[in-house]
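Chain by chain, the residues:
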Number of protein chains: 2
Amino acid sequence: METASDILVKKYGGTSVGSIERIESLADRLAKEIRAGQKPIIVVSAMSGETNRLIAMAEKIDPDHRGAAYDMLIASGEQVSIALLAIALQKRGIKAQPLLAYQLGIRTDATASKARIHSIDVEPLLHLVAQDIVPVVAGFQGVDDEKNITTLGRGGSDTTAVALAAALAAHAGSSSQTCEIYTDVPAVFTADPRLVSRAREIPSLSCEEMMEMAALGSKVLHIRCVEIAAKYRVKIHLRSTFEEREGTWILPEELGEMKPMNGKNVNSKFEPKVNIKIEQPVVSAVTHDANTAVFNLFPVPRGSTFLAELFDNLAKRGVVVDIITQSESADGQRLSFSVTKEDIPLSRLALKEFMADPAHVTLIENMAKISVVGVGMRNHPGVAARFFAVLARKNVPIQIVTTSEIKISAVIDQSRIKEAAEALHSEFGLDANDAS
Amino acid sequence: METASDILVKKYGGTSVGSIERIESLADRLAKEIRAGQKPIIVVSAMSGETNRLIAMAEKIDPDHRGAAYDMLIASGEQVSIALLAIALQKRGIKAQPLLAYQLGIRTDATASKARIHSIDVEPLLHLVAQDIVPVVAGFQGVDDEKNITTLGRGGSDTTAVALAAALAAHAGSSSQTCEIYTDVPAVFTADPRLVSRAREIPSLSCEEMMEMAALGSKVLHIRCVEIAAKYRVKIHLRSTFEEREGTWILPEELGEMKPMNGKNVNSKFEPKVNIKIEQPVVSAVTHDANTAVFNLFPVPRGSTFLAELFDNLAKRGVVVDIITQSESADGQRLSFSVTKEDIPLSRLALKEFMADPAHVTLIENMAKISVVGVGMRNHPGVAARFFAVLARKNVPIQIVTTSEIKISAVIDQSRIKEAAEALHSEFGLDANDAS
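Residues numbered from 1 in each chain as written. Chains lettered and ligands numbered in written order. Predicted model: local features only at pLDDT ≥ 70, side-chain atom pairs only at ≥ 80, totals over all residues.

**Student:** Explain the interface of chain B and chain A to me, please; I cannot follow it from the model alone.
**Tutor:** A common measure of how large an interface is: the accessible area buried when the components associate. Taken together, the contact pairs 30 residues of chain B with 30 residues of chain A. Sorting the residues of the side of chain B that touches chain A by element identifies α1 (20-35), α2 (50-61), α3 (68-91), β3 (96-99) and α4 (101-104) of chain B as the ones contributing at least two each. Ranked by residues supplied to the side of chain B that touches chain A, first place goes to α3(B) with 15 residues. Across the side of chain B that touches chain A, the residue classes break down as 19 nonpolar, 6 polar and 5 charged. (Contact = placed C-beta atoms within 7 Å. Helix = DSSP H or I, 4+ residues; strand = E, 2+ residues; numbered from the N terminus. Nonpolar A, V, L, I, M, F, W, Y, C, P; charged D, E, K, R; others polar.)

Written as C-alpha cells, this is what we have:
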C-alpha cells in the first residue's frame, strides 16, 4: 500500500474544468503525469459559472433561502465536474473514480452553506490509490451527522483539498504534505494586477500573511484553507492550470528552514525561499475586497447585553461580520459593522429584531475594503501613519478602520479603490520597477 | 406515527418541473393539497432537457462511455430538481426535505445506467411524514453496495415512485397503495394522438396491457414500473400535472373487483372500472416505437452455442435485445434482432467479437416498431391475419415480426409509421367516433 507521503493532492478550480474542451486538456495533462509515475488525488470545483447558475435558480424562488436544500442544490455542480473528468481520464486509459463527500466520509458540522470539516476518512482514498485508481474528489461539499449534504462556502474546494492533504499527512505521521492548487492566475500578486498595473508575483509567503490577505479580500485562496494548512503544516503550491511554471508557495512559518524534499513527487522541486527575515519588505501586498457593505446603528439601545446578543444572533444566522467599530458620544452610542454583500438580507432580518426604529439603522452599500499586509509590519512602527497619509493625500474618506499586528484595513467607497490601491502599492515600494 | 396507507406517493415528471415558473406553480398546488390534509411523498424527475444536457456533455468526451461516473453525472439532474422544489415548498410554509438515494437507502444492483432496485428503507420516510415533513425524493437514482450512485434507466423516476409505493404497502401490510404519476399527457391513449388523430383516452387498463404497451414503445410509463406495480399490487393513477381531472388507472388484474376505497386520501376517489371482460375490445391500443434498429446476420457461423454466447455477451454489455428472429435456408442460417438506437454502438462491439467478417453483418437504422395490444386478443383468433392484411393493403414492408398472447408487433420503416398506425387504429375500431 502506498504511504500518504507518495501522494500529491492536486486541486483544479472552476476555470480549469470550465468547458468540455478544458476538461479534455486537463485530462491529457493529468494522464501524462500519472503515466510518469505521479500518484495524485484530484479535487475539482464546479465548472465555472455553474454554481452561479444554480444559485440564480434558487434565488429566483426565494432570495433569502439557505439550508439543507440549498446546499444540496449547489453541491450538484461538483458532482457533474468530477464525473466528467473521471470519464475523460478513463477514456485515456487511466482508472479514475469520482467520489462524493458521503462516499469519502468528509464529515462537517450542520451549518448550511458555511460548514466546517470535522474529519475525513482517508482509508478509502489510500485503498483506491493502492489499486492504481485515481480518486477524483468533489470539492466544496461534505455531509453532516444526518447524512445531509453541506457546503463549505466560498473557496470551499481549496479547503477540501488542503484538509485532504492534512488528513493524509496525519495518517502517515509525516511532517508535511504538499497540496497543489491550480487556478487561472499564475501566482499570488502584491496587488490585483487588474487594479494595480505594477503588481508583481510573490514567490513565497507565510501562511499568516496569506491568511490576512485572504481575510482582506484576496480571492486567490480562501482563509479557511490557509488556516488548515498552517495548523497541519501543509505546503500549498498555488500555480496556473495553463502554464507549466511554478507559482507561489504558501508555507507554514517553521518550514522556512526546511531542507529540499527528496523529489519523489514529480512536481515538487521544492526549494523554499526563507521568507521571514528582517530584510523582508514592510508590506508584502495590497489587497482589496469590493464586496463590502457597512451597517451604521445610531443610537444603539442601552443595555450591557445588546452587542453580545446582536452578534450572537448574526452568527447563528451564519452572517460573518468583518470589521466592528463602536464609539460613545454625548448623544448616544454609535456602532458600525461590515458584512459581505451576500449577507445583507440576513443581517437585515437580525437587525429587525434588535432595532425597534428602522430609522436608527443605515446601510451603506457599494463599499470596498483596502488593506496592506506584511509580517514585516511587526518590526516597523509608523506603517499606519503612512497608510492614512496616503489616503488623506488622495482625499479618500475612510468609513471604518481596523488594524492587526500584520495588517491595516480601511473601508472606503468602491469607486476610489483603484486609486487607493495604486497609491499604497507605490508608497510601500511594491511597484514592479522598484528594487525588490 | 402515520401508517403507510395514509400516505400518497406522487411522482412529477420533467415537464412538471421544467422551469422555475413550473416548479413554483407545482409548489402552489402541492401546498394547497398538503394544507387540505394530504400526506404526500413526492418523487421528482430532472428538469426537462437537463438529463439530455448532461448526457451530451459525457458523449462529447466519450460517446461509448457507461459506468459509475456516467451514472453519477446524470443523477445530478434530480438532485437539482428536488432541491428547488423543496425550497419552493419551504417558501410556502411547508416543511419539506429533499432526499437522495443514498439517504433513503434505495439499494440497487451495480448495473450502470440500468440498475434494478433491490430494497428501499421506508422507515426514514415514515419518520419524516410523522413530523409533518414532506419528503421530496430524487427519482431515477439508487446506490449500489459500494455506495456508488446508480441510475435506473429510462423512465426510472416512475420506477422509483412505484417501488416506494410498493415498499410502503409491504411495510404497512396493506393490500394496496396508490401511486399518482403526473405527466404532461392527461391519460394513456389508444394510440399516440400526434400520430393518430382519432386516438382516444383509456379510462383504465390492466397492468398486463400497460406492460405490453410500454414494451412496445408507449412512452407514457416505463415497463419496469408497471411490472413492480403488478407484482406488489400498486394502483397507478396516471394523470396530467396541468389539469385537475382524472387520467388513466392502471390496475393489477385482481383489483378489477375491488370496492371503492374509504376516501381517506384527498385524490383517490377511486372507482375502478372492471376492465377485463368478454365485451372488451379485441385491441385496446396501437403503439409504436420509432427508436428501433435491426441487425441482420447472414450467414451465421455454425455451432450450437453461437446464439447463446452472442446474446449472453449482449446482455452483459447491458444491451436490451427486443425482437429476435431466426431462419434456416439452403445457403445458411439467417439471424435478425432489433435493439434501440442507443444500443447500436455496444451491439457493434459485441458483434465484432462474434462475426469475423463484417460483410456478414447488416445494420438497418431508422426503423420503427408498430404493435397492437389487447387482453381481448386471447379470445379472438384472426387478429394477426387482420394485422398483416392492413399492412399489406398499404404496401408497408415488414422487416421482422413477433407475437405474444396479447400483442402483435412488426418492425417497419420509420417513414411509414403514421400511415400504418392510422390504418390499424381504424381496422380495430379504436377511432374516436366509433362506438366504444
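**Student:** Got a minute to help me understand the domain arrangement of chain A in this structure?
**Tutor:** As far as domains go, chain A holds domain 1 (4-185 + 220-257) and domain 2 (285-427). Look at where the C-alpha atoms of domain 1 of chain A and domain 2 of chain A centre, and you get two points 32 Å apart. (Domains from an automatic or database assignment.)

**Student:** Would you mind showing me how to read the relation of the copies chain B and chain A here?
**Tutor:** Mapping one chain copy onto the other needs a rotation about an axis and a shift along that axis. Once chain B has been moved 0.0 Å along the axis and rotated by 180 degrees, it coincides with chain A to within an RMSD of 0.1 Å. Such values leave the two copies arranged in the relation of a two-fold axis. Taking the C-alpha atom as reference, chain B places B:S76 closest to the rotation axis, 2.8 Å from it. With an isologous cut-off of 70% or more, the 100% of interface residues of chain B that recur at the interface of chain A puts this contact in the isologous class. (Least-squares fit on C-alpha atoms with pLDDT ≥ 70 in both.)

**Student:** Could you clarify how one ought to interpret the sheet that holds strand β20 (residues 407-413) of chain B in this entry?
**Tutor:** For sheets, the rule is that strands pair by backbone hydrogen bonds, running either parallel or antiparallel. All names here are of chain B. Read across the open sheet, the 6 strands follow the order β16-β17-β15-β18-β20-β19; overall the sheet is antiparallel. Of all the strands in the sheet, the pair left with one neighbour each is β16 (324-329) and β19 (400-404). For this sheet, the mean angle separating the axes of adjacent strands, direction not counted, is 25 degrees. Here strand β15 (residues 285-297) pairs with strand β17 (residues 332-340) via 6 bridges, running antiparallel. Across the sheet, residue T292 finds its bridge partner in β17, namely T340. Across the sheet, helix α10 (residues 344-354) is in contact with β15, β17 and β18 (361-373); its angle to β15 comes to roughly 30 degrees. Lying on the sheet, helix α11 (residues 383-393) is in contact with β18, β19 and β20; it crosses β20 at an angle near 20 degrees. (Pairing = 2+ DSSP bridges. Axes fitted to C-alpha atoms, helices over the stretch in contact; angles between N-to-C directions.)

**Student:** When you look at the packing of helix α1 (residues 20-35) of chain A against helix α3 (residues 68-91) of chain A in this model, what are you seeing that I'm missing?
**Tutor:** Residues and elements named next belong to chain A. Contact geometry of α1 with α3 gives a least axis separation of 9 Å together with a crossing angle of 55 degrees. Judged on the interaxial angle alone, α3 and α1 are oblique. α3 is crossed by α1, and the crossing has right-handed handedness. Across the interface between the two elements, I23, E24, L26, A27, L30 and A31 of α1 pack against L84, L85, A88 and L89 of α3. (Parallel < 35°, antiparallel > 145°, perpendicular 65-115°, else oblique. Left-handed = near helix turned anticlockwise from the far one by under 90°.)

**Student:** Got a minute to help me understand α1(B) in this structure?
**Tutor:** Each turn of an α-helix holds 3.6 residues, which means side chains three or four residues apart point in the same direction. An ideal rise of 1.5 Å per residue puts 22 Å on 16 residues; α1(B) measures up with 22 Å between its terminal C-alpha atoms. Taken as a whole, α1(B) has its buried residues at B:I23, B:L26, B:A27, B:L30 and B:I34. Mapping the buried residues of α1(B) onto a view down its axis gives an arc of 105 degrees, with all of them on the same face. Residues B:E21, B:K32 and B:R35 are exposed on α1(B) and point more than 90 degrees away from its buried face. Buried-residue contacts for α1(B) involve α2 (50-61) of chain A together with β1 (7-12), β2 (39-44), α3 and β6 (134-138) of chain B. (Expected span 1.5 Å × (residues − 1). Buried ≥ 20, exposed ≤ 12 C-beta atoms within 10 Å, placed from the backbone. Arc of directions from axis to C-beta.)

**Student:** In this structure, what is going on with the packing of α2(B) against α3(B)? I would like to understand it.
**Tutor:** Packed helix pairs are specified by the crossing angle of their axes together with the interaxial distance, meaning the distance between the axes. Residue and element names in this part refer to chain B. α3 packs onto α2 with a crossing angle of 155 degrees between their chain directions and a minimal axis gap of 9 Å. Comparing the axis directions of α2 and α3 gives the class roughly antiparallel. The way α2 lies across α3 gives a crossing that is right-handed. Contacts between α2 and α3 involve E50, T51, L54, I55 and A58 on the former and, on the latter, Y70, L73, I74, S76, G77 and V80.

**Student:** Whenever I open this one, the environment of B:F242 confuses me. Can you help?
**Tutor:** Residues and elements named next belong to chain B. With respect to the secondary-structure elements, F242 resides in the loop between β13 (234-240) and β14 (248-251). The partly exposed category is assigned to F242, around which 16 C-beta atoms lie within 10 Å. Separated by 57 residues in sequence, F242 and V185 have C-alpha atoms that sit 8.8 Å apart.

**Student:** How should the sheet that holds strand β20 (residues 407-413) of chain A be read in this particular structure?
**Tutor:** All names here are of chain A. Within the open sheet, the 6 strands sit side by side as β16-β17-β15-β18-β20-β19. Their pairing is antiparallel. The open sheet has two free edges, formed respectively by β16 (324-329) and β19 (400-404), since each of these has just one partner strand. Sheet twist, expressed as the mean angle between neighbouring strand axes with direction ignored, is 25 degrees. The sheet contacts of helix α7 (residues 207-215) involve β15 (285-297), β18 (361-373) and β20, and relative to β18 the element is tilted by about 155 degrees. On the sheet, helix α10 (residues 344-354) packs against β15, β17 (332-340) and β18 and is oriented at approximately 30 degrees with respect to β15.

**Student:** Would you mind showing me how to read the nonpolar core here?
**Tutor:** Residues A:L84, A:L85, A:V162, A:L164, B:L85, B:V162 and B:L164 are the most contacted members of the largest nonpolar core, which totals 271 residues. Contacts of A:L164, omitting those with residues within four sequence positions, involve A:V9, A:I41, A:V43, A:I120 and A:V137. (Core = buried A, V, L, I, M, F, W, Y, C linked by C-beta atoms within 7 Å.)

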